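Summary of structural features
Each chain is listed here by its residues.
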Amino acid sequence: MKVRKTVLYGIALFLCLTAVVSGEEPIDDPYVILEKHYAAIGGLERLRAIQTVYGEGTISIVGSGLEGTFTLWSSRPLRMRQEVDFTIATMVNGDNGDFRWSLDPNGKILIRRDDAVIKEREVQRHMENFEHLDPASGHFTVTFIGMEVVDDETCYTVEIRNDINDTVERHYYSSETHYLLKKIVTEPDSEEHTTYSDFQEVDGVIIPFSELIETLPTGEKQEVIYTKYEFGQVID
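Residues numbered from 1 in each chain as written. Predicted model: local features only at pLDDT ≥ 70, side-chain atom pairs only at ≥ 80, totals over all residues. Heavy atoms only, no water.

**As for the nonpolar core**
- Of all hydrophobic cores here, the largest spans 46 residues; its most connected members are Leu47, Ile207, Tyr226, Tyr229 and Phe231.
- In terms of residue count, strand 13 (residues 205–216) provides more of this core than any other element does, 5 residues in total.
- Those residues in contact with Ile207 that lie beyond four places of it in its chain are Asp198, Phe199, Gln200, Val202, Tyr229 and Phe231. (Core = buried A, V, L, I, M, F, W, Y, C linked by side-chain atoms within 4.5 Å. Buried < 20%, exposed > 50% of the residue type's maximum accessible area, 1.4 Å probe, protein only. Helix = DSSP H or I, 4+ residues; strand = E, 2+ residues; numbered from the N terminus. Contact = heavy atoms within 4.5 Å.)

**Brief notes about the pairing of strand 10 (residues 168–174)**
- The element strand 10 is extensively covered by neighbouring structure, given that 6 of its 7 residues are classed as buried.
- For strand 9 (residues 153–162) and strand 10, the ladder comprises 7 bridges, and the chain directions are antiparallel. Across the sheet, Glu159 pairs through a bridge with Arg170, a residue of strand 10.
- What sits between the antiparallel neighbours strand 9 and strand 10 is a turn of 5 residues.
- Pairing geometry for strand 10 and strand 11 (residues 180–187), over 6 bridges, is antiparallel. Looking at the pairing, Tyr172 lines up with Lys182 of strand 11.
- Joining the antiparallel neighbours strand 10 and strand 11 is a turn of 5 residues, in which His178 adopts a positive phi near 70 degrees. (Pairing = 2+ DSSP bridges.)

**Side note on the packing of aromatic side chains**
- All told, the structure shown has 9 aromatic pairs when counted by the stated rule.
- With centroids separated by 5.7 Å and ring planes inclined at 90 degrees, the aromatic side chains of Tyr38 and Phe130 adopt a geometry described as edge-to-face. You can see Tyr38 sitting in helix 1 (residues 30–40) and its partner Phe130 sitting in the loop between helix 3 (115–128) and strand 8 (140–150), a full 92 residues away along the chain.
- A ring pair is formed by Tyr229 and Phe231, whose centres lie 5.7 Å apart and whose planes are at 75 degrees; its orientation type is edge-to-face. In terms of burial, Tyr229 and Phe231 fall into one category: buried.
- Three or more aromatic residues joined by ring pairs form one cluster here, namely Phe70, Phe209, Tyr226, Tyr229 and Phe231. (Phe/Tyr/Trp six-rings, centres within 6.5 Å; stacked < 30°, edge-to-face > 60°.)

**Considering the environment of Val185**
- With respect to the helices and strands, Val185 occurs in strand 11.
- Along the primary structure Val185 and Glu169 are separated by 16 residues, whereas in three dimensions their C-alpha atoms are 4.5 Å apart.
- Setting aside residues up to four positions removed in sequence, Val185 forms contacts with Thr167, Val168, Glu169, Ser190, Glu191 and Glu192.

**Points about the pattern of salt bridges**
- Applying the stated criterion across every chain yields a total of 11 salt bridges.
- Its salt-bridge partner being Arg125, residue Glu122 comes within 2.6 Å of it at the nearest N-O pair. In this pair, Glu122 and Arg125 both sit in helix 3, 3 residues apart, roughly one turn of the helix.
- Residue classification places Glu122 among the partly exposed residues on the basis of a relative accessible area of 28%.
- Residue classification places Arg125 among the partly exposed positions, given a relative accessible area of 31%. (Salt bridge = Lys/Arg side-chain N within 4 Å of Asp/Glu carboxyl O.)

**Comments concerning helix 1**
- Those residues of helix 1 lying buried are Pro30, Tyr31, Ile33, Leu34, His37 and Tyr38. Down the axis, helix 1 shows its buried residues gathered within 155 degrees of arc, on one side only. Opposite its buried face, helix 1 presents the exposed residues Glu35 and Ala39, each directed more than 90 degrees away.
- Looking at the buried positions of helix 1, the neighbouring elements they touch are helix 2 (44–49), strand 8, strand 9, strand 10 and strand 11.
- At the N-terminal end of helix 1, a side-chain oxygen is found 2.9 Å from the backbone nitrogen of Tyr31, two or three residues along, and the residue is Asp29.
- Backbone geometry just after helix 1 places Gly42 at a positive phi near 140 degrees. (Arc of directions from axis to C-beta. Polar contact = N/O pair within 3.5 Å; in protein donor to acceptor, adjacent residues only side chain to side chain.)

In short, geometric facts, not functional conclusions.
The structure is reproduced here in structure tokens:
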């Protein structure tokens, strides 16, 4: 069983749509799509002002009967702590801003400084600063792929690549609300498909309170439900 790396943190039909959507001309500029997304969920100015996040809720491994709770703290830059309690097992991991760490079953701290993690943290740091929104970015290449359907809703599909590691992200933004409805993260040995729903406003920001995560090739599915989400908490 693998608990997702962040928060914790198959589309079969491809449609080439050219019709007008919700009274708007279709958009094929990926940076305009991203701009509309961030405006729809609260605006970049508001998002940049957020320095700390606290969340808690429930997590279940679909089909296994395994259910538990989680608590998540994060702050910029790169600091995070996540605790997952399945009763029969507890997992704790995080990032102190300098390196990733986790606790083994005996409570011993394991530090991760391998090349893959170092590169992953570097990509995360740049994205935390919204550098992928800059067409002149030296690290990110953002491409409009086309229109696809997620849960009966037509979406703009945007692909994000970087020059630091081999991770490729595909984002599916609703053509009506401009919310992010699905994300596929492809790495050399796995894929993670996350579908977002139950969007709620928290202090001026739209947050999905429900996530369904499928990891391939194992096919394991996790359902994550937030019951609490806050900004601005003091994190030691």
